[in-house]
Amino acid sequence: MLDIQLLRKDLAGVAQRLATRGVTLDTARIEALEAERKAIQTRTQDLQARRNQLSKQIGMAKGKGEDASALMTEVNAAGDELKASEDRLAGIQDDLSAQLMVIPNLPHESVPVGKDEKDNAEVRRWGEIREFPLPPRDHVEIGEDLQLLDFPTAVKIATSRFVLMRGDLARMHRALAQFMLDTHTQEHGYTEVYVPYLVNADSMRGTGQLPKFEEDLFKLSNGMYLIPTAEVPVTNIVRDEIIAAELLPIKLVAHTPCFRSEAGSYGKDTRGMIRQHQFDKVEMVQMVRPEQSYAALEELTGHAENILKKLELPYRVVSLCTGDLGFSSAKTYDLEVWLPAQNTYREISSCSNFEAFQARRMQARYRDGKPGKPELIHTLNGSGLAVGRTLVAIMENYQREDGGIDIPEALQPYMGGKTRIPAAG
RNA sequence: GGAGAGAUGGCAGAGUGGUCGAAUGCGCCGGAUUCGAAAUCCGGUUUACAGCUUGCUGUAACGGGGGUUCGAAUCCCCCUCUCUCCGCCA
């Protein structure tokens, strides 16, 4: 959520910055609503003040045993107008806040201006792309040949966009999550948290999934939602809290399943594990002082990169352009891992600074100990990493000509010392 | 699932229709005392929003929503959550 004060002060400027995201702000409507709000609110508060004053006098008069009927007549006379004024004000404020809730964040000045993913700016590359003597096979072929990856059975149990893993592949999937968690907690200073996988609507509003993106979520019959990312439960830990300044920055990491309806992605990535309704992810979240959030974004992105480096997977870092930025984000770096079978880089992590956008929705603030009002914190998060896609990347980059898969050295301790998933015999 | 109790400020906990944003205690901040500290004493200490002379004034908020009333923390209705006992259960 944007700061309403900013919209009042510089509506044209806000509209201009939103235009770089391809969003058109109905400034005339907002201006009209805001003008009416101001008039009605002032009027309402004056009427309330008058009523309070008279009611207090009635109380005092009755306390002294005096007749208060004249006062009561007076306060009754203004009753209808007050009620109408209050109702009108509530209506306008609901309308304004509903509009405010669907306005995306303003891009940071360092974000490249562009229309869509084609305008994203590559920041750096890391790692050497392996040469294959024969055309590299994709993870589906590799996994199915090994009989460790099974899509038809998952479809039978559930529906499409689910997967069943067996044996060493299921184990490597688990090992990856453990490896990531250990790295972030032991080397990067994060505290591991275990969180609910179902959340309420308030939490979804807090991080920005609601009200605008309900169709992307799985909603349960009791009104709760399956989390699309650990960002939701983890970030909402600080909702409605005032944090002591010395506790910042807060750095949390969680491993959770993620559930996405993938509405609107029909026909996209239908093959394999790239786009699933259910996938695991290790997510880093930071809550920081505002002046530190951009340094924190670089740091957090580096933490995600570290995982790829340890696994020796080639990747590149991309700064999303204004048109490709997520709803709540002010700036996002995507990490894209090399997938040899697709002969391209594919997103494996997304690291974002939300500035105060989520904090304002969540009323997540901190206090310095200095006098004055508590201030909104800044929130960040990033995948560290998407576990399923990391598994895909390993399968494809570490595939052997005999059909087996080498296990990256960093992962071997988590696989009981095994160095390879052997070819099917 | 059955029975009961409850939800008030950072915490504990009073308050059952009127000058209550809310006693008291703890905590926290400032000051006094002290060589310094503890103890003690004094003062301060919620948040959001609005208006304008930016420091004041006003409005709202006692789990959430609705209602009664001139006036609601207090009365009524609905919802949510928490706790205790019993049952069931990973």
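Everything that follows concerns the structure shown earlier in this document.
Residues numbered from 1 in each chain as written. Chains lettered and ligands numbered in written order. Predicted model: local features only at pLDDT ≥ 70, side-chain atom pairs only at ≥ 80, totals over all residues. Heavy atoms only, no water.

1. As for helix H3 (residues 27-63)
Argument step 1. A rise of 1.5 Å per residue sets the reference length of H3, with its 37 residues, at 54 Å; its end C-alpha atoms lie 53 Å apart and thus fit the reference within 8%.
Argument step 2. Looking at the buried side of H3, the elements it contacts are helix H1 (4-9), helix H2 (11-19), helix H4 (69-77) and helix H5 (79-101).
Argument step 3. The positive-phi residue at the C-terminal boundary of H3 is glycine 65, with phi of around 75°. (Helix = DSSP H or I, 4+ residues; strand = E, 2+ residues; numbered from the N terminus. Expected span 1.5 Å × (residues − 1). Contact = heavy atoms within 4.5 Å.)

2. Considering the sheet that holds strand E4 (residues 191-192)
Argument step 1. Sheet architecture is open: eight strands sit in the order E1-E10-E11-E12-E15-E9-E8-E4, paired in mixed fashion. Single-partner strands in this sheet number two, and they are strand E1 (121-126) and E4.
Argument step 2. Pairing of E1 with strand E10 (residues 315-319) involves five bridges; the strand directions are antiparallel. Paired with alanine 121 across the two strands is serine 319, which belongs to E10. (Pairing = 2+ DSSP bridges.)

3. Side note on the protein's contact with RNA strand B
Argument step 1. What surrounds RNA strand B is a group of 23 residues, the closest being Arg8, Gln48, Ser55, Arg365 and Arg367.
Argument step 2. What you see for RNA strand B is that sugar and phosphate hold 74% of its atoms within 4 Å of the protein.
Argument step 3. Taking arginine 51, its side chain carries an N or O atom lying 3.0 Å from a phosphate oxygen of RNA strand B.
Argument step 4. Here a sugar or linking oxygen of RNA strand B and a side-chain polar atom of arginine 365 are 2.9 Å apart.
Argument step 5. Elements supplying a minimum of two residues to the surface near RNA strand B: H1, H3, H4 and strand E13 (365-367).
Argument step 6. With 14 residues, the single largest contributor to the surface near RNA strand B is H3.
Argument step 7. Split into classes, the residues belonging to the surface near RNA strand B amount to six nonpolar, eight polar and nine charged. (Near = heavy atom within 4 Å. Polar contact = N/O pair within 3.5 Å; in protein donor to acceptor, adjacent residues only side chain to side chain. Nonpolar A, V, L, I, M, F, W, Y, C, P; charged D, E, K, R; others polar.)

4. Re the packing of H3 against H4
Argument step 1. Two elements in contact, H3 and H4, have axes separated by 10 Å at closest approach and are oriented at 160°. Considering their axes alone, H3 and H4 lie roughly antiparallel with respect to each other. In this structure, H3 meets H4 at a crossing whose hand is left-handed. Contacts from Arg50, Arg51, Leu54, Gln57, Ile58 and Lys62 in H3 reach Leu71, Met72, Glu74 and Val75 in H4.
Argument step 2. Of the residues contributing to the contact of H3 with H4, the split by class is five nonpolar, one polar and four charged. (Axes fitted to C-alpha atoms, helices over the stretch in contact; angles between N-to-C directions. Parallel < 35°, antiparallel > 145°, perpendicular 65-115°, else oblique. Left-handed = near helix turned anticlockwise from the far one by under 90°.)

5. What to know about unusual backbone geometry
Argument step 1. Following leucine 210, the chain continues to proline 211 via a peptide bond in cis, the omega torsion being 5°.
Argument step 2. One can find proline 211 in the loop between helix H9 (201-207) and strand E6 (225-226).
Argument step 3. Of note, the bond from glycine 384 into leucine 385 is cis; its omega dihedral lies within 30 degrees of zero at 10°.
Argument step 4. Note that leucine 385 resides in strand E15 (residues 378-386).
Argument step 5. Even without being a glycine, aspartate 269 presents a positive backbone phi close to 50°.
Argument step 6. For aspartate 269, the location among the structural elements is in the loop between strand E8 (250-259) and strand E9 (278-288).
Argument step 7. Positive phi, normally seen in glycine, also occurs at glutamine 363, with a value near 55°.
Argument step 8. For glutamine 363, the location among the structural elements is in the loop between helix H12 (357-362) and E13.

6. Quick notes on the sheet that holds E13
Argument step 1. Strand order in this open sheet of three strands is E7-E13-E14, and the pairing throughout is mixed. Sheet topology places strand E7 (242-244) and strand E14 (375-376) at the edges, where each strand pairs with a single neighbour.
Argument step 2. In this structure, E13 lies alongside E14, joined through two bridges in antiparallel fashion. Bridging across to E14, arginine 365 finds its partner in leucine 376.

7. So, the nonpolar core
Argument step 1. Ranked by internal contacts, the top residues of the largest apolar core, which has 52 residues, are Ile394, Ile405 and Leu411.
Argument step 2. Residue contributions to this core peak at eight residues, all from helix H8 (residues 167-186).
Argument step 3. Grouped together as the second largest cluster of nonpolar side chains are 20 residues, Val195, Ile250, Leu252 and Ala359 included. (Core = buried A, V, L, I, M, F, W, Y, C linked by side-chain atoms within 4.5 Å. Buried < 20%, exposed > 50% of the residue type's maximum accessible area, 1.4 Å probe, protein only.)

8. Focus on the environment of serine 352
Argument step 1. Mapped onto the elements of the fold, serine 352 is located in strand E12 (residues 344-353).
Argument step 2. Given the relative accessible area of 7%, serine 352 is considered buried.
Argument step 3. A C-alpha to C-alpha distance of 26 Å links serine 352 and arginine 174, two positions 178 residues apart in sequence.
Argument step 4. If we ignore the near neighbours within four places in the chain, the residues touching serine 352 are Leu297, Ser329, Lys331, Thr332, Thr379, Leu380 and Asn381.
Argument step 5. One polar contact links serine 352 to threonine 332, side chain to side chain, over a distance of 2.8 Å.

9. Quick notes on the packing of aromatic side chains
Argument step 1. Following the criterion strictly, the structure yields six aromatic pairs and no others.
Argument step 2. Between phenylalanine 327 and phenylalanine 357 the ring centres are 5.6 Å apart and the planes differ by 80°, which places this aromatic pair in the edge-to-face class. Here phenylalanine 357 lies in helix H12 and phenylalanine 327 lies in the loop between E10 and strand E11 (331-339), a separation of 30 residues in the sequence. The same class applies to phenylalanine 327 as to phenylalanine 357, namely buried.
Argument step 3. Relative to tyrosine 345, the ring of tryptophan 338 has its centre 5.0 Å away and its plane inclined at 70°; by these criteria the two rings are edge-to-face. (Phe/Tyr/Trp six-rings, centres within 6.5 Å; stacked < 30°, edge-to-face > 60°.)

10. Section: empty space enclosed by the protein
Argument step 1. Tallied over the entire structure, the rule returns one cavity of 30 Å³ or more.
Argument step 2. Quantified by volume, the largest cavity comes out at close to 30 Å³.
Argument step 3. Taken together, Ile4, Leu7, Ile30, Leu96, Gln99, Leu100 and Ile103 form the lining of the largest cavity.
Argument step 4. Of all the elements in the fold, those that place two or more residues in the lining of the largest cavity are H1 and H5.
Argument step 5. With three residues, H5 is the single largest residue contributor to the lining of the largest cavity.
Argument step 6. For the lining of the largest cavity, the class distribution of residues is six nonpolar, one polar and no charged. (1 Å grid on protein atoms, 1.4 Å probe; cavity = no way out; pocket = protein on both sides within 12 Å on 5 of 7 lines; lining within 4 Å. Points joined across faces, edges and corners; volume = space filled by probe spheres on them.)

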